[in-house]
Amino acid sequence: VQVVESGGGLVQPGGSLRLSCVASGFTSSSYVMSWYRQAPGKERELVASINSPGGRTNYADSVKGRFTISRDNGKKTVYLQMNSLKPEDTAMYLCKVYLPPRNNYWGQGTQVTVSS
């Protein structure tokens, strides 16, 4: 299984970014794709997740109302639209694919920096 993120970069406070995560190498239609983030000196935290095939989403309280996770099942791709970005959103953003019953696959991550 391969997981590849893209879309990070430098953005000013209040700006927007859209992250993409493409997964490949598996055929199961039942899986969960999630975005995590990790800032220097801090623990990795769940940002948002979406399951397939149901499409149920889950968000961290810190990003509710600002971030939106969506998917393209046919392409095994998940997106994270990030609006109203804050300096505290600065982190490495990592995508994870969970394949039941217990397999997790991580990408290398994409850096998001929010700074003026």
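What you are looking at is a predicted structure, and each value in this text was computed from that prediction instead of being measured.

K.L.:
Teacher, can you tell me more about the overall build of the protein chain here?
P.N.:
Secondary structure summary: the protein chain contains zero helices and eleven strands in total. Along the chain direction, N to C, the helices and strands of the protein chain fall in the order β-β-β-β-β-β-β-β-β-β-β. Since a compact globule built from 116 residues should have a radius of gyration of about 13 Å, the 14 Å found for the protein chain is in line with a globular shape. In terms of overall dimensions, the protein chain has a C-alpha envelope of 45 × 25 × 20 Å along the principal axes. Per-residue burial for the protein chain yields a buried fraction of 41% across its 116 residues. Within the protein chain, contacts between residues separated by at least 24 positions form 50% of all contacts whose residues are at least 6 apart in sequence. As displayed, the protein chain has an accessible area near 6,200 Å², and 46% of this comes from carbon and sulfur atoms. Each charge class in the protein chain can be summarised by its mean position, and for the 13 positive and 7 negative side chains these summaries are 7 Å apart.

K.L.:
Explanation requested: the state of the cysteines in the structure shown.
P.N.:
In protein structure, a disulfide is the covalent linkage between the sulfur atoms of two cysteines. For the structure on display, the rule yields one disulfide. One disulfide bridge connects Cys-21 with Cys-95, the sulfur atoms lying 2.0 Å from each other. Across the disulfide from Cys-21 to Cys-95, rotation about the S-S bond amounts to roughly -85°, and the bridge is consequently left-handed. Taken together, the residues Cys-21 in strand 3 (residues 17-24) and Cys-95 in strand 9 (residues 91-99) connect sequence positions 74 residues apart.

K.L.:
Help me understand the environment of Tyr-36, please; the structure alone is not making it clear to me.
P.N.:
Within the secondary structure, Tyr-36 is located in strand 4 (residues 31-38). Through-space distance from the C-alpha of Tyr-36 to that of Ser-49 is 8.7 Å; in sequence the pair is 13 residues apart. In this structure, Tyr-36 is in contact with Arg-44, Glu-45, Leu-46, Val-47, Met-92, Tyr-93, Leu-94, Lys-96 and Trp-106, ignoring residues within four places of it in sequence. At 3.3 Å, the side chain of Tyr-36 and the side chain of Lys-96 are in polar contact.

K.L.:
Would you mind going over the packing of aromatic side chains with me for this structure?
P.N.:
Given two aromatic rings, one states the distance between the centres and the angle between the planes to describe the pair. Per the counting criterion, the structure on display carries two aromatic pairs. Geometrically, the ring pair formed by Phe-26 and Tyr-31 is edge-to-face, given 5.2 Å between the ring centres and 80° between the ring planes. Here Phe-26 matches Tyr-31 in class, with each residue buried. If you follow Arg-44 out to its NZ or CZ, it ends over the ring of Trp-106, 4.5 Å from the centre. The ring of Phe-26 is capped by Lys-76, whose NZ or CZ atom sits 5.0 Å from the centre of that ring.

K.L.:
I would appreciate a short explanation of the nonpolar core in the present structure.
P.N.:
Across soluble globular proteins, nonpolar side chains show a tendency to be buried alongside one another. Among the nonpolar cores identified, the biggest contains 30 residues, and Trp-35, Leu-80, Met-82 and Tyr-93 are the most heavily contacted of them. At the level of secondary structure, the elements contributing two or more residues to this core comprise strand 3, strand 4, strand 5 (45-52), strand 7 (67-72), strand 8 (77-82), strand 9 and strand 11 (110-114). Per-element accounting of this core gives the leading share, five residues, to strand 9.

K.L.:
I would appreciate a short explanation of the pattern of salt bridges in the present structure.
P.N.:
A side chain with one charge may pair with a side chain of the opposite charge, provided their charged atoms come close. A complete count under the given rule lists four salt bridges for this structure. For the salt bridge of Arg-37 with Glu-45, the shortest nitrogen-to-oxygen distance reads 2.6 Å. For the salt bridge of Lys-64 with Asp-61, the shortest nitrogen-to-oxygen distance reads 3.1 Å. In the salt-bridge network here, residues are joined through shared partners; they are Arg-37, Glu-45, Arg-66 and Asp-89.

What counts, and where the lines are drawn
Residues numbered from 1 in each chain as written. Predicted model: local features only at pLDDT ≥ 70, side-chain atom pairs only at ≥ 80, totals over all residues. Heavy atoms only, no water. Helix = DSSP H or I, 4+ residues; strand = E, 2+ residues; numbered from the N terminus. Rg over C-alpha atoms; globule rule 2.2 N^0.38 Å. Buried < 20%, exposed > 50% of the residue type's maximum accessible area, 1.4 Å probe, protein only. Contact = heavy atoms within 4.5 Å. Areas by Shrake-Rupley, 256 points an atom, 1.4 Å probe, with all protein chains shown as cover. Lys, Arg positive; Asp, Glu negative; His and termini not counted. Charge placed at Lys NZ, Arg CZ, Asp CG, Glu CD. Disulfide = S-S within 2.5 Å. Polar contact = N/O pair within 3.5 Å; in protein donor to acceptor, adjacent residues only side chain to side chain. Phe/Tyr/Trp six-rings, centres within 6.5 Å; stacked < 30°, edge-to-face > 60°. Lys NZ or Arg CZ within 6 Å of the ring centre and 35° of its normal. Core = buried A, V, L, I, M, F, W, Y, C linked by side-chain atoms within 4.5 Å. Salt bridge = Lys/Arg side-chain N within 4 Å of Asp/Glu carboxyl O.

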